[in-house]
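As a plain string of letters, each chain reads:
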Amino acid sequence: VKIAILKETQPDERRVAMIPAVAQRIAKLGADLVLEQGAGSAATYTDDAYTKAQVTQEPDTGKLVADADIVLAVQPPSVETVKKMKPGALLVSFIYAQSQPELVKALRDGKITTFAMELIPRISRAQAMDALSSQAALAGYYAPLLGSVHMQKILPMMTTAVGSLRAARVLVMGLGVAGLQALATAHRLGAVCEGYDVRPETKEEAESVGAKFVDTGIDARGAGGYARELTADEKAKVRATLSQHIAQADLIITTAAVPGRKAPRLIDAEQLAGMKEGSVVVDMGAPNGGNCEGTKAGEIVKVGPVVMVGPTNLPSSLAAQASELYAKNIYNLLEQVLHDGVLKPDFTDEVITGTTLTHDGKITNAAILKVIE
Ligand code: NAD
């Protein structure tokens, strides 16, 4: 089979779907890989490095895609690109189908088999393919670093000849994959760390990375290990407990998410106004409407006393390793479906069926089908 590696076109996207070292491993599954010329350069992978890994290059997107049995990408490709794909070909990429109805229809009508990376089931067996987690871990690591450059304070305690500087107080709200990494990074940098979530099991996880857990007494465990939305009463309870912790923080990182919903609101205007002058909020919910009042996606704005940072693509800031992990996630997925150079997905396997968005002219994901048709 022929595998095409697309060049990303979104302006803030530096990642590439496949890196040279992993491409070599995929070739051993019986595949020829072709890179869209220059696709890896923003992520530090030069065309030369791909050539050394036996990956050939093609400058023309249309030609590259028309020839391919499998197309790899990070961000959802354009409808135009999909229309150039062969019927029956496989696309492996993030799709975010809920917000991409035209793209999903084009995939269906083009008889493309689509593996949507955000649909990989969150089960133990699929962990090595779980790109949401691999990218969230890096994003979480990066969030305190980004926040710290907007602070006019240092994170650790420091003793100087003219006295000591106190350690900064960092509060992380939402302790999933990203939030726990954010806490761990802030702790390693010497900050005094607190974490909060609505799933009780996160208490132990927060403590294991050196942070204190702010206990609101709420248990909002929902389906599949995710959180559910809070009731009005629960929100009031959280607010009462958290306001003081918010007011004391020098840096807050928010990561809260509820599947299929807008980002839950964790900090309102009044709480923002009560924060310290010069404190910083990094709102990782920014692409999804924001966890905080006043966040502007893709911007850094001052709201009252607070510098609000609204990053939209943190993994792209760590493109070299974000691409490495993503490429490994894809390798582990392709290893399930590529046998001796023949593409044979097993549609009785729950990982494959869970990940498949379109196949053979149909939208196969029930939740997306409901939204789109
Ligand atoms: P996510 O991105 O959906 O949400 C981030 C966090 O926000 C979650 O911890 C959630 O509980 C929290 N949250 C939601 N509403 C909140 C509110 N109002 N206030 C505070 N916090 C709120 O989560 P994720 O990082 O994708 O992980 C979700 C779960 O899935 C975790 O339990 C994680 O361990 C699990 N997981 C399992 C696997 C696997 O087994 N393969 C892989 C990845 C994640």
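Fair warning: this is a prediction, and the values are worked out from it, not measured in the lab.

About the cut-offs
- Position numbers for residues count from 1 along each chain, tracking the sequence in the order it is written.
- Confidence filtering applies because this is a predicted model: local features only for residues at pLDDT of at least 70, side-chain atom pairs given and counted only at 80 or more, and all residues used for totals across whole chains, interfaces and linings.
- By definition, any uninterrupted DSSP run of H or I lasting at least four residues is a helix, any uninterrupted run of E lasting at least two residues is a strand, and each is numbered from the N terminus.
- What a helix should span is 1.5 Å times the count of its residues minus one.
- Bending is quantified residue by residue as the angle between axes fitted to the seven-residue window ending at that residue and the seven-residue window starting at it.
- DSSP-based pairing: two strands are paired if at least 2 bridges between them are found.
- Any pair of residues counts as being in contact when their C-beta atoms, constructed from backbone geometry, are within 7 Å of one another.
- Interaxial angles span 0 to 180 degrees and are taken between N-to-C directions of axes, which are lines fitted to C-alpha atoms, for helices over the stretch in contact.
- A set of buried Ala, Val, Leu, Ile, Met, Phe, Trp, Tyr and Cys residues, joined to one another through C-beta atoms within 7 Å, is what we call a nonpolar core.
- Residue burial is a threshold on neighbouring C-beta atoms within 10 Å of the residue's own C-beta, all placed from the backbone, with 20 or more meaning buried, 12 or fewer meaning exposed, and counts in between meaning partly exposed.
- Here, nearness means that the C-beta atom of a residue, built from backbone geometry, sits within 6 Å of the molecule or strand in question.
- Look down the strands so they point away from you; if going from the first strand over the helix to the second traces a clockwise path, that crossover is right-handed.
- Scored from 0 to 100, pLDDT reflects the predictor's confidence in each residue.
- In this scheme, roughly parallel covers angles under 35 degrees and roughly antiparallel covers those over 145, while 65 to 115 is roughly perpendicular and the rest are oblique.
- Left-handed describes a crossing in which the near helix is turned anticlockwise from the far one by less than a right angle; the clockwise case is right-handed.

### So, helix H6 (residues 131–149)
Right, so step 1: With 19 residues, H6 should reach 27 Å at 1.5 Å per residue; the first-to-last C-alpha distance of 27 Å fits that figure.
Right, so step 2: The axis of H6 is deflected most strongly, by about 25 degrees, at Tyr-142, and proline Pro-144 appears within four residues downstream.

### Details of the sheet that holds strand S12 (residues 251–254)
By way of backbone hydrogen bonds, the strands of a sheet pair with one another, either parallel or antiparallel.
Right, so step 1: One open sheet holds the 7 strands; their spatial order is S11-S10-S9-S12-S13-S15-S14, and the pairing between them is mixed. At either margin of the open sheet sits one strand with a lone partner, and together these are strand S11 (212–213) and strand S14 (300–303).
Right, so step 2: Alignment of S14 against strand S15 (residues 306–309), held across 4 bridges, turns out to be antiparallel. Looking across to S15, one finds that Val-301 is bridged to Met-308.
Right, so step 3: H6 rests against strand S9 (169–173), S12, strand S13 (280–283) and S15 of the sheet, and its axis sits at about 145 degrees to S12.

### Quick notes on the nonpolar core
Right, so step 1: One finds Ala-4, Ile-5, Ala-17, Met-18, Val-71, Leu-72 and Leu-183 to be the most contacted residues of the largest nonpolar core, which totals 113 residues.
Right, so step 2: The biggest single contributor to this core is helix H12 (residues 319–337), with 9 residues.
Right, so step 3: If near-sequence neighbours (up to four positions away) are discounted, Leu-183 is found in contact with Val-172, Leu-175, Cys-193, Gly-195, Ala-206, Val-209 and Ala-211.

### Examining the site of the ligand
Right, so step 1: In the vicinity of the ligand there are 31 residues, among which Gly-174, Gly-176, Val-177, Ala-227 and Ala-256 approach most closely.
Right, so step 2: Within the residue set of the shell around the ligand, elements represented by two or more residues are H6 and helix H7 (177–188).

### Here's the deal with H12
Right, so step 1: An ideal rise of 1.5 Å per residue puts 27 Å on 19 residues; H12 measures up with 27 Å between its terminal C-alpha atoms.
Right, so step 2: Those residues of H12 not exposed but buried are Ala-319, Ala-322, Ser-323, Glu-324, Leu-325, Tyr-326, Ala-327, Asn-329, Ile-330, Leu-333, Leu-334 and Val-337.

### Some points on the environment of Leu-33
Right, so step 1: When you line up the elements, Leu-33 lands in strand S2 (residues 32–36).
Right, so step 2: What Leu-33 contacts, discounting residues up to four positions off in sequence, is Ile-3, Ile-5, Ala-23, Ile-26, Ala-27 and Val-55.

### Comments concerning unusual backbone geometry
Right, so step 1: Of note, the phi angle at Thr-44 is positive, near 80 degrees, even though the residue is not glycine.
Right, so step 2: In this structure, Thr-44 sits in the loop between S2 and helix H2 (47–52).
Right, so step 3: The exposure class of Thr-44 is partly exposed, given the 15 C-beta atoms found within 10 Å.
Right, so step 4: Residues other than glycine seldom take positive phi values, yet Tyr-96 does so here, at roughly 50 degrees.
Right, so step 5: Relative to the helices and strands, Tyr-96 is located in the loop between strand S5 (90–93) and helix H5 (101–109).

### Some points on the sheet that holds strand S6 (residues 113–116)
Right, so step 1: Across the sheet, which stays open at both edges, the 8 strands sit in the order S3-S2-S1-S4-S5-S6-S18-S19 with mixed pairing between neighbours. The open sheet has two edge strands with one neighbour each: strand S3 (56–58) and strand S19 (362–363).
Right, so step 2: When strand S18 (residues 356–359) meets S19, the two strands line up antiparallel, connected through 2 bridges. Each bridged residue has a counterpart across the sheet, and for His-359 the counterpart in S19 is Lys-362.
Right, so step 3: Where H5 meets the sheet, it contacts S5, S6, S18 and S19, and its direction lies at approximately 45 degrees from that of S18.

### A look at the pairing of strand S10 (residues 192–196)
Right, so step 1: Judged by how many residues are buried, S10 sits mostly within the fold: 5 of 5 residues are covered.
Right, so step 2: Here S10 shows no split at all, with Val-192, Glu-194 and Tyr-196 on one side and Cys-193 and Gly-195 on the other all buried.
Right, so step 3: Pairing between S9 and S10: 5 bridges, direction parallel. For Val-172, the partnering residue across the bridge sits in S10 and is Gly-195.
Right, so step 4: Between the parallel pair S9 and S10, the chain is carried across by H7, and the sense of this crossover is right-handed.
Right, so step 5: One ladder, built from 2 bridges, connects S10 with S11; its direction is parallel. If you follow Gly-195 over to S11, its bridge partner there is Phe-213.
Right, so step 6: Crossover S10 to S11 through helix H8 (residues 202–208) is right-handed.

### Quick word on the confidence of the model for the protein chain
Right, so step 1: Confidence in the prediction for the protein chain averages 96 pLDDT; 100% of positions are at 70 or higher.
Right, so step 2: Under the prediction, the complex receives an ipTM of 0.96, its pTM being 0.96.

### Section: the packing of H6 against H12
Right, so step 1: Direction vectors running N to C along H6 and H12 enclose 165 degrees, while the axes themselves pass 9 Å from each other. Classified by the angle their axes make, H6 and H12 are roughly antiparallel. Judged by the sense of rotation from one axis to the other, the crossing of H6 with H12 is right-handed. When H6 is examined against H12, the residues Ala-131, Ser-134, Gln-135 and Leu-138 are found in contact with a partner set consisting of Gln-321, Ala-322, Leu-325, Tyr-326 and Asn-329.

### Describing the pairing of S13
Right, so step 1: Judged by which residues are buried, S13 turns out to be covered on both faces: Val-280 and Val-282 on one side and Val-281 and Asp-283 on the other are all buried.
Right, so step 2: Summarising the sheet, S12 and S13 pair through 4 bridges and their orientation is parallel. Along S13, the bridge assignment pairs Ile-253 with Val-282.
Right, so step 3: In this sheet, S15 lies alongside S13 in parallel orientation, the contact comprising 3 bridges.

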